[in-house]
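Chains, contacts and geometry: an overview
The residues making up each chain are set out below.
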Amino acid sequence: MRCPLPTAGALISLSLSLLLIINTCSALYEDQIKKFDWRSVHVGALKQAHIDLNNFQPRVLVSTHEQVVASICPKSGEIIWRQVLEGNERGDIKLMQASGFSDDSSDTAAAPMGSHLGFDLLTVQGSAPALVRGWNTNIGAIEWEWSIMPLNVERAQDALWFYSNSALYHVLPAWGSHLEVTAYFATSGHTTGGTSKIMAAWIKPDSCLLSGTYFVCQEGKQLISIDLVAKSTQVISTTLESEPTTKIQALSGLKGVLIVNKKLISVNKAQSVCPDLKSDTYVVGSFNYRKIVVYADLVKDLLKINAVYLDNCSPVPELEQSVNFSEDYGTPTFRAFDCKLKRNNDGKSCMFLFATSAESIVGVQQGRIRWTREESLANVIDSQFIDLPLADTEGTLENEMKGKSEDFSSLQSDIASAFLRRITTQALQIKSLFLHVIGLGPPPTDTQRAGLVRDSFGLHKMLVLLTRSGKIFGVDNVAGKHHWKLYLPNVASFENSEQMRLIVQRTSKHFPLQPLCTIVAKAASTGNGILFRFNPITGRAAEGGLLELDYKIKQLSLLPETPQDYVKAILILDAANQAHVHPKHATPLAHGMYLYTADVKTSELQGYFVKNVGSSLTCLPIWNVRLGGHNSEQQIIAVAGKNPIEHVHSQGRVLGDRSVLYKYINPNLVAFVTQAPDATHKSVLHLYLIDVVSGSVIFSMTHRKVRAPLHIVHSENWLAYSFFNEKVRRTEITTLELYEGSAQGNNSVWSSLQAPFMPLVERQSYIIPTIVEAMRETITERGITNKHVLIGTASGSIVEMPWHLLDPRRPIASTTQGREEGAIPYIPELPLPTENHINYNQTVARLRHIYTAPSGLESTCLVVATGLDVFVTRVAPSKTFDLLKEDFDYILISIVLVVLTSGSLIVRHLSSRKLLKQAWK
């Protein structure tokens, strides 16, 4: 039976229907995608790398310390594919082996066509269990996987792996006793035999490593090694010229070759090296079918690359080159290189890959830096939004309005002087405009040339990012462009799990004074404090730049602005409980300040009063609180204070009966959360709300059978924190609200030194169907806009949760009073609608922190989320009530205004004529 052919009309109707369907398939708000947000994707600090330029798809295969396996384009440095592995120790990459890349050509394990028996890339990760995976490097997919679970989990963390002759070897050391070596078929996980036990009483942790198939330990001036795959085990002793001053390193690609005091030492008698070489970093490869060693040295700002043949130690002139290397990259370390024939067969083109101490990945090719990847942004530890400076004309006008113009300081602030000032300013502006038109005007400043000028709504700002490696970035929060970067080589985070701090001492609001930021860190060599002051707009050092302190930093706080230069001084408490102020001329402002310290391990809190006696400061201990319990098992896992720039717009909450419930707004209230093991309840969390001026415990609460991860937000009179409930195995969020009652104690000034009164506490818990990784509240300029809580999830989404859903005063049943207050009836499950995900499909891998800052618009809050990626956007919790919508019909409103204006003029004219006629009657 033949089907009838469709007629021409039916075809036209079908085509029109398909077109209509295609048009209706467009996503909502598609024009808004990446208009007010951007994301930068990273892989992390480089751990292992392999370059393959001769493949049909040239690629750079990398593994990183952030548990990422990725393929990078060697031409541009862009990510071709990226796989984020499991977090924590389970995703720690122990070994990355590319097929056919070894000192033995028999190590190739490429899969035959149409089979899955080989691999392009092999990785070993974790320890208990250890996961072995084979990858297809073209698409980044896992082709096979197997795992082993060791019997001794504690010893499994010290396990080592190596690949040789198509077999994967697992080395498990028992320190001071023996080595257990097991060989597996790499693709299947089956053992090739039993586990061999090699007696080695000389092995010690922190002084042993694996170099190919050789297990090597250093003892004084000797290297003691053993070949793990040899038929007969024999201990090899190699004497050194002198004791190593730095930790020995293995040279990848050569069995039994190590780097000792910048020289190559071989414990393998079958492998010869060039003993006269001395360099900071080496890598092994092949060139013209001969094995070579390439080495690089950084001399001032010049990176010199050289190579020698291993067989006769003769130089390779084709690879000698020098590259300008900026100090912002840090100290380079050679990771990999490869060469390929040029298209016209005119020699070879080689690429060299470097990892730096600033956690950058640098690709060098043909005597220049081909591309760089700033992977330190995968570990951002602090962030600040800085207002951009005003244009020159706006700055002059602002000075005029303030009456603080330096050019007219001798004139009195009266009407005549103001008029003269205005006329002179306008004349100077006309002169500047005329000179600019004819090309004789002053050149634009660097900030103006880069477009770094404040906009009308304060949405365009400089985003300053501080990373774990000590690198600082100045990023345009609108376009994502890196305007400047700095690197501090000798800095580290503090003790007690405290990261380096980025502090804004002076904003851009004080024209013509430049903004000032300070990095507070610890010197990696001495442990003393370091202050680095810089201009956040230009990235240049300011106020002396780097200042090395002669004491260790224990605690710090910001003082009020000084009237001379509008700088907020930094009050520092050192390890000897002595107070210091920087800059020193602000020392009198420290009198009467209160400080507190918290020891994470002992859970002891100490409060201090700073007193200025003469020209020196003294710290007097005034209170002490111990949160460790009777057996001192409790440890502080979270401390949450309030945002110092937060404004509270409303002092109370209007109830259904039109009465006011006043908020308990204590600016000195800090939340402390401790965790302790419990024999009955497994784990117990304790929450304490403490006034850090008087040391009074305002409120405390206990959660049993719950554990970290814990994330907490403290704002105004409320508190929200998330934890994992082990009893029912779910994540919960508990919220607290504190109120004074129906009468306000003091409506003008808050004092923690008065007799404290206990607030009324409303509390409630909610179930959230996801794992929480970060929490932060929105903040606006005046605090008028509703508060929302931004919740970062394990899937990389950022959910904007209105406070109405987290409100602890949500009634159990719908009542008249609840409806009058606008409270939503209580439901334990929190909804996560997709329209509340502010980063839609721009997921942030390994989300760790969310930072917020106010903009010039009261309705808008700026947001930056950091983790493995960086995502920047803006949110409007109460919608953009102070801004016209983008689809606002300007033409229609203009026509209406013209019609109304014309109508009013015509009606006025007719009315006047009517009145005139009535007057003549």
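Quantities reported herein were computed from a predicted structural model and do not represent experimental measurements.

A word on the overall build of the chain
- From N to C terminus, the chain includes eight helices and 59 strands.
- In terms of overall dimensions, the chain has a C-alpha envelope of 130 × 85 × 85 Å along the principal axes.
- Relative to its 921 residues, the chain shows a buried fraction of 47%.
- Restricting to contacts in the chain with at least 6 residues of sequence separation, those with at least 24 account for 50%.
- Carbon together with sulfur atoms contributes 54% to the accessible area of the chain, which is approximately 46,700 Å² in total.
- Looking at the chain, you have 87 positive and 85 negative side-chain charges, and the mean spots of the two groups are 3 Å apart.

Remarks on the nonpolar core
- Ranked by size, the top nonpolar core spans 23 residues in total, and within it Met462, Val464, Ile472, Ile519 and Phe534 carry the most contacts.
- Contributions of two or more residues to this core are made by β29 (380-387), β30 (461-467), β32 (482-487), β34 (501-506), β35 (516-523) and β36 (529-534).
- Here this core takes four residues from β35, the largest share from any one element.
- Counting residues in each nonpolar core, the second largest holds 22 residues, with Ile292, Phe337, Cys339 and Val364 among its members.

Observations concerning the state of the cysteines
- Summed over the entire model, instances satisfying the criterion amount to three disulfides.
- Cys274 shares a disulfide with Cys313; S-S distance 2.1 Å. Because the torsion about its S-S bond is -105°, the bridge between Cys274 and Cys313 counts as left-handed. Of this pair, Cys274 sits in the loop between β20 (263-266) and β21 (281-287) while Cys313 is found in the loop between β23 (302-309) and β24 (321-324), placing the two residues 39 residues apart along the sequence.
- You can see Cys73 has no disulfide; the closest cysteine sulfur is in Cys350, sitting 17 Å from it.

Here we look at helix α8 (residues 890-920)
- Under the 1.5 Å per step criterion, the end-to-end length of α8 is 45 Å for 31 residues, consistent within 8% with the ideal 45 Å.
- Put simply, Asp889 is the residue that caps the front of α8, since its side-chain oxygen is 3.4 Å from the backbone nitrogen of Ile891.

Examining unusual backbone geometry
- Here the amide bond leading from Ala128 into Pro129 is cis, since omega sits at 5°, within 30 degrees of zero.
- You can see Pro129 is positioned in the loop between β7 (121-125) and β8 (130-136).
- Backbone torsion omega between His582 and Pro583 reads 0°, so that peptide bond is classified as cis.
- Not every positive phi belongs to a glycine, and Lys879 is a case in point at roughly 65°.
- Position of Lys879 among the secondary structure elements: in the loop between β59 (870-875) and α8.

Overview of the sheet that holds strand β13 (residues 196-199)
- An order of β10-β11-β12-β13 is seen for the four strands of this open sheet, with the pairing classed as antiparallel. Both edges of this open sheet fall to β10 (160-164) and β13, since each of them pairs with a single strand only. For this sheet, the mean angle separating the axes of adjacent strands, direction not counted, is 25°.

Quick word on the side chain of Ser279
- Relative to the helices and strands, Ser279 is located in the loop between β20 and β21.
- At 2.9 Å, the side chain of Ser279 and the backbone oxygen of Ala296 are in polar contact.
- Only 3.0 Å separates the side chain of Ser279 from the side chain of Asp297, close enough to count as a polar contact.
- When residues no more than four places from it in sequence are discounted, the contact partners of Ser279 are Lys262, Tyr295, Ala296 and Asp297.

Re the sheet that holds strand β38 (residues 553-561)
- Across the sheet, which stays open at both edges, the three strands sit in the order β38-β39-β40 with antiparallel pairing between neighbours. Pairing within the sheet leaves two strands with one partner each, and these edge strands are β38 and β40 (579-582). When the angles between neighbouring strand axes are averaged without regard to direction, this sheet yields 25°.

Describing the packing of aromatic side chains
- Under the criterion given, the structure shown has 19 aromatic pairs.
- When the centroid spacing of 5.2 Å and the interplanar angle of 55° are considered together, the rings of Tyr594 and Phe609 count as tilted. With Tyr594 in strand β41 (residues 594-599) and Phe609 in strand β42 (residues 604-613), this residue pair connects regions lying 15 residues apart in the sequence.
- Put simply, the rings of Phe334, Phe337, Phe352 and Phe354 touch in pairs and so form one group of aromatic residues.
- Over the face of the ring belonging to Tyr309 we find Arg290, whose NZ or CZ atom lies 3.7 Å from the ring centre.
- Geometry around Tyr289 places Lys348 over its ring, the cationic atom sitting 6.0 Å from the centre.

Thoughts on the environment of Lys34
- For Lys34, the location among the structural elements is in the loop between α1 (8-24) and β1 (38-40).
- According to the relative accessible area criterion, Lys34 is exposed, its value standing at 54%.
- Along the sequence, Lys34 and Leu486 sit 452 residues apart, while their C-alpha atoms lie 28 Å from each other.
- In contact with Lys34, not counting residues within four places along its chain, are Tyr840 and Gln842.

Some details on the environment of Thr731
- Turning to its location among the elements, Thr731 is positioned in strand β52 (residues 730-741).
- Since its relative accessible area comes to 8%, Thr731 is described here as buried.
- In this structure, the C-alpha to C-alpha distance between Thr731 and Val706, residues 25 residues apart in sequence, is 9.4 Å.
- At 3.3 Å, the side chain of Thr731 forms a polar contact with the backbone oxygen of Thr770.

Details of the pairing of strand β22 (residues 290-299)
- Across seven bridges, the pairing between β21 and β22 is antiparallel. Residue pairing across strands places Ser286 opposite Lys291, the latter belonging to β22.
- As consecutive antiparallel partners, β21 and β22 are separated by two residues, and within that stretch Asn288 has a phi angle of approximately 55°, a positive value.
- Here β22 runs beside β23; their pairing, made up of eight bridges, is antiparallel. By the bridge assignment, Val294 is partnered in β23 with Ala307.
- Adjacent in sequence and paired antiparallel, β22 and β23 are bridged by two residues, among which Lys300 carries a positive phi angle near 55°.

A word on a nonpolar patch on the surface
- A contiguous nonpolar patch, built from Leu884, Phe888, Tyr890, Leu892, Ile893, Val896, Leu897 and Leu900 and spanning about 740 Å² of accessible area, is present on the exposed surface.
- With respect to the secondary-structure elements, Leu884 resides in the loop between β59 and α8.

A short note on the pattern of salt bridges
- All chains considered together, the criterion is met by 26 salt bridges.
- Linking Lys471 and Glu374 is a salt bridge whose minimum nitrogen-to-oxygen distance equals 2.8 Å. Here Lys471, found in strand β31 (residues 471-476), pairs with Glu374, found in strand β28 (residues 368-374); they are 97 residues apart in sequence, far enough to count as distant. Residues Lys471 and Glu374 agree in their burial class; the two are buried.
- Between Arg707 and Glu726 there is a salt bridge, with the nearest N and O atoms lying 2.9 Å from each other. Of this pair, Arg707 sits in strand β50 (residues 706-715) while Glu726 sits in the loop between β51 (718-725) and β52, and the two are 19 residues apart along the sequence.
- It is possible to trace a salt-bridge network through shared partners that takes in Arg653, Glu737, Glu762, Asp807, Arg809 and Glu821.

Points about the side chain of Ser752
- Inspection of the secondary structure puts Ser752 in the loop between β52 and β53 (760-768).
- The exposure class assigned to Ser752 is buried, which follows from its relative accessible area of 9%.
- A polar side-chain atom of Ser752 sits 2.7 Å from a polar atom in the side chain of Asp691.
- A distance of 3.3 Å separates a polar atom in the side chain of Ser752 from a polar atom in the side chain of Trp750.
- Once residues lying within four places of it in the same chain are set aside, the contact partners of Ser752 are Asn666, Asn668, Asp691, Val693 and Ser694.

Criteria and thresholds
- Once a new chain begins, its residue numbering starts again from 1 and follows that chain's sequence as written.
- Totals for whole chains, interfaces and linings use every residue, but because this is a predicted model, local features are given only for residues with pLDDT of at least 70 and side-chain atom pairs only at 80 or more, for both listing and counting.
- To obtain the side-chain values, all non-hydrogen atoms of the structure were included, while hydrogens and water were left out.
- Think of it this way: any DSSP run of H or I at least four residues long counts as a helix, any run of E at least two long counts as a strand, and we number them from the N terminus.
- Summary of the burial criterion: residues with accessible area below 20% of their type's maximum are buried, those above 50% are exposed, and those between are partly exposed, where the area comes from a 1.4 Å probe applied to protein chains only.
- In what follows, a contact means two residues having at least one pair of non-hydrogen atoms within 4.5 Å.
- For accessible areas, the Shrake-Rupley method is used with a probe of radius 1.4 Å. Any residue's cover is judged against the shown protein chains and nothing else.
- None of His or the chain ends enter the tally, which takes Lys and Arg as positive and Asp and Glu as negative.
- Where a charge lies is defined by one atom per residue type, namely NZ (Lys), CZ (Arg), CG (Asp) and CD (Glu).
- Each nonpolar core is a collection of buried residues, namely Ala, Val, Leu, Ile, Met, Phe, Trp, Tyr and Cys, held together in the definition by side-chain atoms within 4.5 Å.
- Our working definition of a disulfide is a cysteine sulfur pair at a distance within 2.5 Å.
- Multiplying 1.5 Å by the helix residue count minus one yields the expected span of that helix.
- We call two N or O atoms a polar contact when they sit within 3.5 Å, provided that within protein one can donate a hydrogen and the other can accept it, with sequence-adjacent residues counted only if both atoms are side-chain atoms.
- DSSP calls a pair of strands paired once it identifies at least 2 bridges connecting them.
- For every element, the axis is a line fit to its C-alpha atoms; helices are fit only across the contacting stretch, and the angle between N-to-C directions ranges from 0 to 180 degrees.
- Only Phe, Tyr and Trp rings take part, Trp by its six-membered ring, and two of them pair if their centres are within 6.5 Å. Stacked means planes under 30 degrees apart, edge-to-face means over 60, and tilted covers everything else.
- Two conditions define a charge located above a ring, namely a distance within 6 Å from the ring centre to NZ of Lys or CZ of Arg, and an angle within 35 degrees of the ring normal.
- The patches reported here contain residues having more than 30% relative accessible area and no salt bridge. Joining distances are 9 Å for like charges and 5 Å for nonpolar side chains (Val, Leu, Ile, Met, Phe, Trp, Tyr).
- By definition, a salt bridge exists where a carboxyl oxygen of Asp or Glu is found within 4 Å of a side-chain nitrogen of Lys or Arg.

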